Amino acid sequence: MKSFLAISTTSLYRVIKRSLYALLFCTILSSCLGTRYLEEGEYLLYKQKINNSDRLSEEDLSDFYRQEPNRKFPLVPFTPFVWIYHIGQDFYDKEELQQQKQDLIEKYNNKIEDAEKEKRIQKLEAKKEKKVNKVDRKLEEGNLLMRWGEPLSVYDSTQAEVTRQQMENYLHTKGFFNGTVDHETSLSGKKITSIYTIEEELPYRIDTITYFAQDSIIQQLIKDNLEDRLVREDRIYDQDNLSKERERIETILRNNGFYDFSRQYIEYQVDSTIANRKVAVHTVVRDPAKRGYHKRFKLDSVIFVTDSDISTDRTTSLTRSSGEYNNIIYRYHEYQYYKKILDRRIFIYPDSLYSLEQSLQTQRQLSNLDVFKFININYDTTGNHFIARIYASPLKKYQTSNEVGLNVSQGLPGPFINSSLKVRNVFGALEILEINGRAGIEGVPPPSGTEGQGAYRSVEAGGNLSLTFPQFIFPLPEIWKSRLGALNPRTRLQTGYNYTDRREYVRTNFNTSLAYTWQKDQKINYVLTPLDINLIDSRNISDDFRELLDNQEALGIPLSRSFEPSFVSSINFSAIFNFNNYGNYADKKNTASYFKAYVESGGTIFNLINPDIVTDQGLEYFKYFKVNTDFRQYIPLSRSTDLAYRFNVGVAVPYGDSAANVLPYEKYFFAGGSNSIRAWRPRRLGPGASTPETDEEGYFVYNNEQPGEILLETSVELRRELFGFVSGGFFIDAGNVWLLYENDARPKANFEFSTFLEQIAVGSGLGLRLDFSFLIVRFDYGVKIYDPAREDGLRWIGQKFTVGQEISNGVFNLGIGYPF
């Protein structure tokens, strides 16, 4: 009994001690919220909540908050930006800054008064303005720390009432005419939680829609496009849809000759008294008061000034010459561009009705040429004439760029240099010639299984020469070429040479290709490459490396094929569909999707000609077929939280008797790495359930890349803004690569429908993203959750090694940009 009481007393003491520590910790954190900066009678706006919002998005309603709580660390009640702000405020003295401003003005006024030369006076004026503006910014916005931080969010009941009223007005614009919003607060010490309760009631729906215009042409245009209308019967009334419908009608009319039509002429008459929770919407197109009717404009002439940055100077007799093609007048100081090529990118012509869409298309396609700095299209209606004037300012004919840097890899510094030269309008037909050169030294580890003294330097160099034409270089009728101009057609001829000098080998690759590219609606891009040829040669292969290649070949890894003299030819086609500007992470309001389909046929030419022409030269050749699809989607969940996922599937099939029926090494699929399954090192996952070598502790040793002919890969990632430019991510990756056929040297490496699901590797982890707007630096740490290479029953995390061991043996990934 005594012992029991002793134990109970000790336990009670520990509970009380821990409770006091917890209370002390909460008190400290509470002070970290900034409540100590509050004045008498002030309260901290700690949180805002919306209740009972069934039909309307809380995210949309939260846009009406007139106040925002201070930003906090996730899960921790600490507001670092308030702390930073008040540190800066301790060093802020408004009177001192005002005196500093006066002293600056007086100082520079004296210098300006003493200055004799006009150039000196202008320089001092500019310096004075710059320094005074700097002080003015401090007076208005605070010092640097105050601008980095944020002031304490002090609760304001007036702002809360404005928020309530705006939310209620928003309810009415969404068809909830009887809806109300109530506001109350919850007080905890010096912290206030502001609560808005939404009572939506039943919404009003649209019963009838009518359109009326005095102009019969306008009335007919609206009638002909009713299928696309955004306001429809039996839908909930929504003022946003009425605004979008007004914009749609305006666009229709401006694409059909009504140049000066404005959406302000479109009015809505909404009658909510026709029936219970029903409204009638009457759409009326008013005529302009001054003219009395809407005029339809037809182009009298189109004038294209190709060098608008050069002004006409009468004193030097510098005047423009004129030329005409296809009824378009061209004006220039010097004839530079073939009018026929320019004409294919122009979609406005004399005697045609004005069209906003065609005007924007002309501006867009001329800009796509990468020859002009800017394109402006102005319309002149004076003198009872309607004239379109296209003003273009050329870019510099020659453009160079150079990059010099230093990479540190394997502990060795490696300098590099990249240089490029772009020449525009080479032959007068708006071609682009590009020359790129690069050279560098990089630290590389010695291949597993070869003798060496650690990492060493590798020399890499190369260059590319390309010529891009703004049309398809293909025998087509002129009318087709003109119509294709709306698709931004391009033909690209390219040749390149790469050189690599490593301790194990010297490798060269000569490449030449012909590609056609075009796009539709800025959302769909196509690339057809009917010719892609690579001549690959490797020499000076060391004995150790040759032995390693032979060992890999025995394991079914065809790395040795990449070091045989080879002729690799292919035809490939890709289509990219980008919806809602996927990849533009600055715009996070809408769901965006990306889909890419890629098809490649290698060695197709040898179905038409005898391959002896290649083999007689001592070269290997390859015949294969490859398909790859990649789908990605981005879904904004809230203003600070996003969800993204990806599916990546591919198959590559070698056929024929070329190169022992294998793929070129570069055409295999690989899994693992910062943009793949992040719990595995780059290219080290798979194939299938094949087992790598192990070290003394039983961990797999991933020394060799693992190529596969089938790829299945998926990832899902939850991204959340933390504070400032720092975001966090939680991800789950799953996938693997497989061989198409059984390989005795690699059991369980081939794909079978009955077993592939249990061979899907799963990894998970956390990451940080530093978003500098122009650059996103990504840090991810991935941990193996399910490893199919382990023995059955020991594949899940914690079964073979402890969870702590698994985490400590995770993989750190550094990447630029998001993985998908």
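What counts as what
Residues numbered from 1 in each chain as written. Predicted model: local features only at pLDDT ≥ 70, side-chain atom pairs only at ≥ 80, totals over all residues. Heavy atoms only, no water. Helix = DSSP H or I, 4+ residues; strand = E, 2+ residues; numbered from the N terminus. Buried < 20%, exposed > 50% of the residue type's maximum accessible area, 1.4 Å probe, protein only. Contact = heavy atoms within 4.5 Å. Areas by Shrake-Rupley, 256 points an atom, 1.4 Å probe, with all protein chains shown as cover. Lys, Arg positive; Asp, Glu negative; His and termini not counted. Charge placed at Lys NZ, Arg CZ, Asp CG, Glu CD. Phe/Tyr/Trp six-rings, centres within 6.5 Å; stacked < 30°, edge-to-face > 60°. Expected span 1.5 Å × (residues − 1). Core = buried A, V, L, I, M, F, W, Y, C linked by side-chain atoms within 4.5 Å. Pairing = 2+ DSSP bridges. Axes fitted to C-alpha atoms, helices over the stretch in contact; angles between N-to-C directions.

1. Concerning the overall build of the protein
In step 1: A tally of regular secondary structure across the protein gives 15 helices and 30 strands.
In step 2: Oriented by its inertia axes, the alpha-carbon framework of the protein measures out at about 110 × 90 × 80 Å.
In step 3: Going through the 820 residues of the protein one by one, you find that 41% of them count as buried.
In step 4: Within the protein, counting contacts between residues at least 6 apart in sequence, those at least 24 apart form 63% of the total.
In step 5: Element-wise, carbon and sulfur atoms account for 52% of the exposed surface of the protein, whose accessible area totals about 45100 Å².
In step 6: Between the mean site of the 100 positive side-chain charges and the mean site of the 107 negative ones, the protein shows a separation of 3 Å.

2. Remarks on the environment of Pro203
In step 1: Relative to the elements of secondary structure, Pro203 occurs in the loop between strand 3 (191-199) and strand 4 (205-213).
In step 2: Linking Pro203 and His172, residues 31 residues apart in sequence, is a C-alpha distance of 9.0 Å.

3. What to know about the packing of aromatic side chains
In step 1: As enumerated under the stated definition, the model contains 43 aromatic pairs in all.
In step 2: With a centroid separation of 5.1 Å and 90 degrees between ring planes, the pair formed by Tyr354 and Tyr379 is classed as edge-to-face. Of this pair, Tyr354 sits in the loop between helix 10 (339-343) and helix 11 (356-367) while Tyr379 sits in strand 10 (residues 372-380); the two residues are 25 residues apart in sequence, bridging distant segments of the chain. Tyr379 matches Tyr354 in its accessibility class, with the two residues each being buried.
In step 3: What links up through ring pairs into an aromatic cluster is the set Tyr259, Phe297, Tyr354, Tyr379 and Phe386.

4. A few points about unusual backbone geometry
In step 1: With an omega of -10 degrees, the peptide bond running from Gly686 to Pro687 counts as cis.
In step 2: With respect to the element layout, Pro687 can be found in the loop between strand 23 (641-654) and strand 24 (693-694).
In step 3: One non-glycine residue, Asn580, lies in positive phi territory at about 60 degrees.
In step 4: Tracing the backbone shows Asn580 in the loop between strand 19 (566-579) and strand 20 (592-602).
In step 5: When its relative accessible area of 47% is taken as the criterion, Asn580 is described as partly exposed.

5. Brief notes about helix 9 (residues 239-254)
In step 1: If you check helix 9, its first and last C-alpha atoms are 23 Å apart, about what 16 residues at 1.5 Å a residue would give, namely 22 Å.
In step 2: For helix 9, the full list of buried residues reads Leu242, Glu245, Arg246, Arg248, Ile249, Glu250, Ile252 and Leu253.
In step 3: Against strand 4, helix 8 (216-224), strand 5 (266-275) and strand 6 (278-285) lie the buried residues of helix 9.

6. Some remarks on the nonpolar core
In step 1: Judged by nonpolar contacts, the single largest core of 29 residues is most densely connected at Phe545, Leu559, Phe563, Tyr665, Tyr668, Trp680 and Leu685.
In step 2: When residues of this core are assigned to their parent elements, the largest contribution, three residues, is made by helix 13 (residues 543-554).
In step 3: Ranked by size, the runner-up nonpolar core spans 27 residues in total, among them Ile328, Val371, Ala388 and Ile432.

7. As for the environment of Ala644
In step 1: Residue placement: Ala644 occurs in strand 23.
In step 2: Contacts of Ala644, omitting those with residues within four sequence positions, involve Gln633, Tyr634, Ser715, Val716, Glu717, Arg719 and Phe820.

8. Let's talk about the sheet that holds strand 4
The strands making up a sheet associate through backbone hydrogen bonding, with each pair oriented either parallel or antiparallel.
In step 1: If you walk across this open sheet you meet the three strands as 4-6-5, and the pairing is mixed. Two strands close off the open sheet at either side, each with one partner strand: strand 4 and strand 5. The average undirected angle you get between the axes of adjacent strands in this sheet is 20 degrees.
In step 2: Where strand 5 and strand 6 come together, seven bridges link them in antiparallel fashion. Within strand 6, the residue paired with Tyr268 across the bridge is Thr283.
In step 3: With respect to the sheet, helix 8 is in contact with strand 4 and strand 6, its orientation differing from that of strand 4 by roughly 145 degrees.
In step 4: Each of strand 4, strand 5 and strand 6 touches helix 9; the most contacted strand, strand 5, lies at about 140 degrees to it.

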